[in-house]
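# Structural features, examined
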Amino acid sequence: MQFKKNALALAVALATPLLITACDGDDGSDGTAGQDGAAGPISLIAQTDLAAGSARCFNGGVQIDSGVDLDGDGVLDAGEITETSYVCEAGAEKYFNRIASFPVCRQIEANCDTDMETAAEIVAASEDGLTLIYTDSPQQQLGFINIANPSTPTGLGVLALAGEPTSVAVAGEYALVAVNTSADFVNVSGELAVVDIAARTVVQTLALSGQPDSIAVSPDASYAAVAIENERDEDLGDGAPPQAPAGSLDRITLAGSPAGWTVANVDLTTFPDLFPGDPEPEYVDINAENIAVVTLQENNHIILVDVTDGTIVNDFSAGTVDLDAVDATEEEPALISLSESLGDVPREPDGVTWLSDTLLATADEGDLDGGSRGFTVFNTAGSAVFSSGNSLDHASVRFGHYPDDRSGNKGNEPENVDIGRYGDNSYLFVASERASLIFVYDIADPANPVFKQALPAAAGPEGVKSIAARNLLVAASEEDNRGDKLRSVINIYAYSDAAPTYPTIASVDRADATPIPWGALSGLAASPDDSTVVYAVQDSFYQRSRIFTLDLAWSPARISAETVLSDANNVFANIAAVGLADPTVGDDDASRISVFDEADLDNLINADGSVNIDPEGIAVASDGGFWLASEGAGTVGDAGRPVNSLNFIIKTDAGGVIENVITLPQALNDVQLRFGFEGIAEYNGAAYVAFQRAWNGEANPRIGIYDVAAETWSFLFYPLDTVESQNGGWVGLSDLTSLGNGRFLVVERDNQGGPDAAIKRLYTFDVSGRAAGSTVEKTLVDDLMDDLAVPGGLTPEKIEGLALLANGEVLIVNDNDGVDDNSGETQLLNLGAILD
């Protein structure tokens, strides 16, 4: 058996222990534990065989648990396990990888140099798979994209419609577009626009029974079905149903030319258990037997309709779920804690797809009081034969995509589902709107989906469409806000022999069998003697600041440990008593800082001694501990952004306990700008910190140099590139690393993302012989724009982490802003030995 390290983990697999071996003793092959070492309990390793189909190792493999035999019984009990790893069978299977992203703002302006909001919400494909058709609700138009070469999609233009398009499906040469023409929530109307795909013109319109939502076409293209939602006014009263008019289903007979197509309405009232007089159909799909499945999200109900004659075949409640080990509370700052339970949560399904003629899958998004944070497989009798439970939330956490600001609502929020058969393999695709991931499940057994992989998407994937005949998958991400660096995108993925390229980072489980939460990575620091170990920090989006240990020997890289920063010795707390501006000053000088008070300090230090700082940079200290650069919060004199934290250099031991805290000279604290400390590096007895932007009207940002022994500061200046983005903005510094001999490597970037991004660069500079106050000279090492294009997504705004590995390779990572106005995508990229 050949193995590779593959840690695409989702849940702990159940298997039978095979072997326990003892470290520093015999191999335990006779069933007994090895002999103790010099003294104390022995270390044990337990190996567990994983069968093919395991969530940890799709093709099977071995789970390896290690720990200390605390009770001396020769058995590694669950509570004694301190680390778990996996060695997975490589297999010969295929995977999906993103190959392109098409920002639909290019249909307005070739370079997306526009503030106009546009969106791709639902996407369909022509029968030959060469043209994509998507709905653009904000602009009331239909968009077309040429994907003859899917890696380089090109816009074909847009078609204006009579109202808001809500969905699109394809029947032969036509795109069938559901269009909302309602005057308001009471005076509802809609039409079906029949569009010639090749000519991109409307050739026929048919009146619908009300305000439409989803549309589906039967596999034989004989029928279409439109969910007439007649959605409620959420601002009317408490926003809850019932609200007239009731929703229904329109079935369309597609016989002959579009001029001869007919529409008939199906009454859905009385069937739901909840609000029977006000059904609100959300989504529809049709199977090979011409049975339409209709989800009624607010009614938490599912109805099966024969579209040939409009008879109701069956109806049933979508039911409820119980969830354990989820995060149901939103904190400020954020804190992901998978420790809560939710009972009797209504599924309230949104998207739905047939898996076979007898099984269907729902994306249980939720609306009123529900949202199970997962998906469900039902049979046509109404029984739930599979429920994903908390697994999508856990996967989102493991891959750094969990939206903590949605914890009190619906977590990752699965929005839509689709099915595709690629050769002999069938897959279910689940689009998570808030985590911005497409989860892929193998459904060789449709009643028992098995997780295969997770794909990155731009923010807010709504529509997902399999184009199996071309080995493609597409997803439409609707979030579009130029100011937030979000652009609506059509994501394109290819199914091939290539190994999965995403996620680039996945965390292992904590002792409680939940994944280590992470996100908003900022600084990176490499182990000086192990090229497979890197340390990272999270910024102030999250409380309880932590240092993560990344194991690069795995693909994706594993967050194998977390170290919570601690002020156990009150070093940080004592700053208030000895002078916040400088730890060496006496009590008489503490009053010099009027912008920072004890209330602010209380917000920085938690009751358990953990701290809430803003670590933007990390460096491995020569004594084995760490240096951290914590960026100050607020600007002196800015009432809208008052100072509530200074910039700190923090020195910790290897266990994260704070040993020393250093602040800037008072003259600089008096002119603090919120763009402060970013990267940090140690060189020749000093800690070097990069300021992000220039302070106090200076021409350039500073490189601060703190002499540790002398406890003194000096400064150099760094010359930034001028702004090049079509959207303006600013340019600043991010991470910093020492190359030795007075040379440093630094990240220089603008504050733009996606099509507006222009400057993401690595420079070197040399401080040798530089007098304090002088400006360094820089040399371009790598323009990162090409590197950042390789993953096929939008260019991330914040390239914040940089590390030089022991083997000479350079690593970078972006900050995903804690999945707040961000897709959550984190790209950890190895640039190779670019300094040679």
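Structure: see above.
A short tour of the structure in this document, coming up.

Reading the values: rules and limits
Residue positions are counted from 1 within each chain, in the order its sequence is given. Local features in this predicted model are restricted to residues of pLDDT 70 or higher, and side-chain atom pairs are both shown and tallied only at a pLDDT of 80 or more, whereas totals for entire chains, interfaces and linings draw on every residue. Side-chain figures throughout are based on the complete set of non-hydrogen atoms in the structure, without hydrogens or water. In this description a helix means any DSSP run of H or I spanning at least four residues, a strand means any run of E spanning at least two, and both kinds are numbered starting from the N terminus. Contact between two residues is taken to exist if any of their heavy atoms lie within 4.5 Å; hydrogens are not considered. Throughout, a disulfide means two cysteine sulfur atoms within 2.5 Å of one another. The rule is simple: take the accessible area with a 1.4 Å probe, protein chains only, and divide by the maximum for that residue type; under 20% is buried, over 50% is exposed, in between is partly exposed. Between N or O atoms, a polar contact is any pair within 3.5 Å; within protein, one atom must be a potential hydrogen donor and the other a potential acceptor, and residues adjacent in sequence are included only when both atoms are from side chains. Note on pairing: DSSP must find at least two bridges between two strands before they are called paired. In this description, a line fitted to the C-alpha atoms serves as the axis of each element, helices being fitted only across the stretch in contact, and the angle between N-to-C directions of two axes falls anywhere from 0 to 180 degrees. In this description, a nonpolar core means a group of buried Ala, Val, Leu, Ile, Met, Phe, Trp, Tyr and Cys residues linked to one another through side-chain atoms lying within 4.5 Å.

Another point: the environment of proline 791. Considering the arrangement of structural elements, one finds proline 791 in the loop between α5 (785-789) and β53 (799-804). Taking the C-alpha atoms as reference, proline 791 lies 44 Å from proline 241; in sequence the two are 550 residues apart. For proline 791, the contacting residues outside a window of four places in its chain are Arg98, Gln827 and Leu829.

Taken as a whole, this structure holds one disulfide when the rule is applied. Put simply, cysteine 105 and cysteine 112 are joined by a disulfide, and their sulfur atoms are 2.0 Å apart. Across the S-S bond linking cysteine 105 and cysteine 112, the dihedral sits near 90°, which makes this disulfide right-handed. Of the residues examined, cysteine 105 reaches a relative accessible area of 0% and is grouped as buried. On the basis of relative accessibility, which here comes to 1%, the residue cysteine 112 falls in the buried class.

Next up on the list: the side chain of glutamate 93. Looking at the element boundaries, glutamate 93 is found in the loop between β5 (81-89) and β6 (95-103). Here glutamate 93 falls in the buried class, since its relative accessible area comes to 16%. In this structure the side chain of glutamate 93 is engaged in a polar contact, spanning 3.1 Å, whose partner is the side chain of tyrosine 95.

Time to look at the sheet that holds strand β39 (residues 546-551). The five strands lie next to each other as β36-β40-β39-β38-β37, forming an open sheet whose pairing is mixed. Looking at strand neighbours, the two that pair on one side only are β36 (505-507) and β37 (521-526), the edges of this open sheet. The average undirected angle you get between the axes of adjacent strands in this sheet is 35°. Pairing geometry for β36 and strand β40 (residues 557-564), over three bridges, is parallel. Paired with serine 507 across the two strands is isoleucine 559, which belongs to β40.

We now examine the nonpolar core. Membership of the largest hydrophobic core comes to 26 residues, with the highest contact counts inside it found for Ile133, Leu142, Val168, Val177, Ile302, Leu304 and Leu360. Only β9 (141-146), β11 (164-171), β12 (174-180), β13 (190-196), β20 (291-296), β21 (301-306) and β25 (352-354) provide two or more residues apiece to this core. Membership of the second largest hydrophobic core comes to 23 residues, among which are Phe386, Phe439, Ala447 and Tyr502.

On the basis of which strands lie adjacent, the open sheet formed by four strands has the order β15-β16-β17-β18 and antiparallel pairing. The sheet is open, and its two edges are formed by β15 (212-217) and β18 (262-267), each paired on a single side. Looking at each pair of strands side by side, their axes are set apart by 20° on average, direction ignored. Bridge count between strand β16 (residues 223-228) and strand β17 (residues 248-253): six bridges; the pairing is antiparallel. Paired with tyrosine 223 across the bridge in β17 is threonine 253.

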